[in-house]
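Tertiary structure, described
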Amino acid sequence: MVLDYTTRVHKINNGQRKSKLVNDVSNYIYHHLSEPIKTSEIAKNLYMGRSYLSTKFKNETGKKLIDYILECKINEAQYLLKFSDKSVAKISDYLGFVNQSHFTRTFQKFTGQTPNQYRLNN
């Protein structure tokens, strides 16, 4: 778990300073990981328009905001699959996915493996 934690911190820091916008978006996502997250809600929380936020985020990070949200959720899912005995269904529900099927497809898109395969390999 310590190795996983240090890897996560390194990925977050990645030798670069994040802008205030990226930090604010990241904080919002991590505080709401267990909910369905909408870009409009992040924008509302940061007092800006959804399209402006999405464009500015993409310009600063090179990633679409929705992809970043899903990436954060999948990173958390990977952690839970490695270090907990929660079922895939419970992890899917905890992370705010509509259903387990959507979670599995998204997980596979980001990792190349199903959640069950990932758990077996890690």
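As a starting point, this report considers the structure included with it. (Residues numbered from 1 in each chain as written. Predicted model: local features only at pLDDT ≥ 70, side-chain atom pairs only at ≥ 80, totals over all residues. Heavy atoms only, no water.)

On to the packing of aromatic side chains, then. Applying the stated criterion to the full structure yields five aromatic pairs. A ring pair is formed by Phe 57 and Tyr 68, whose centres lie 5.2 Å apart and whose planes are at 50°; its orientation type is tilted. With Phe 57 in helix α4 (residues 50–61) and Tyr 68 in helix α5 (residues 65–83), this residue pair connects regions lying 11 residues apart in the sequence. Owing to a relative accessible area of 0%, Phe 57 belongs among the buried residues under this scheme. For the pair Phe 103 and Phe 107, a centre-to-centre distance of 5.9 Å together with 55° between the ring planes defines the contact as tilted. With Phe 103 and Phe 107 both in helix α7 (residues 100–111), this residue pair falls four residues apart, about one helical turn. According to the relative accessible area criterion, Phe 107 is buried, its value standing at 0%. For Lys 73, the ring lying beneath its charged end belongs to Phe 97, and the centroid distance is 6.0 Å. (Phe/Tyr/Trp six-rings, centres within 6.5 Å; stacked < 30°, edge-to-face > 60°. Helix = DSSP H or I, 4+ residues; strand = E, 2+ residues; numbered from the N terminus. Buried < 20%, exposed > 50% of the residue type's maximum accessible area, 1.4 Å probe, protein only. Lys NZ or Arg CZ within 6 Å of the ring centre and 35° of its normal.)

Once that is clear, we can look at helix α2 (residues 20–31). Taking 1.5 Å as the rise per residue, α2 with 12 residues should run 16 Å; its terminal C-alpha atoms sit 16 Å apart, in good agreement. When we look at burial in α2, the residues that qualify are Leu 21, Val 22, Val 25, Ser 26, Tyr 28 and Ile 29. Projected down its long axis, α2 carries its buried residues within an arc of 160°, all on one side. The outward face of α2, more than 90 degrees from its buried face, is lined by the exposed residues Lys 20 and His 31. Contact partners of the buried residues in α2: α3 (39–45), α4 and α5. (Expected span 1.5 Å × (residues − 1). Arc of directions from axis to C-beta. Contact = heavy atoms within 4.5 Å.)

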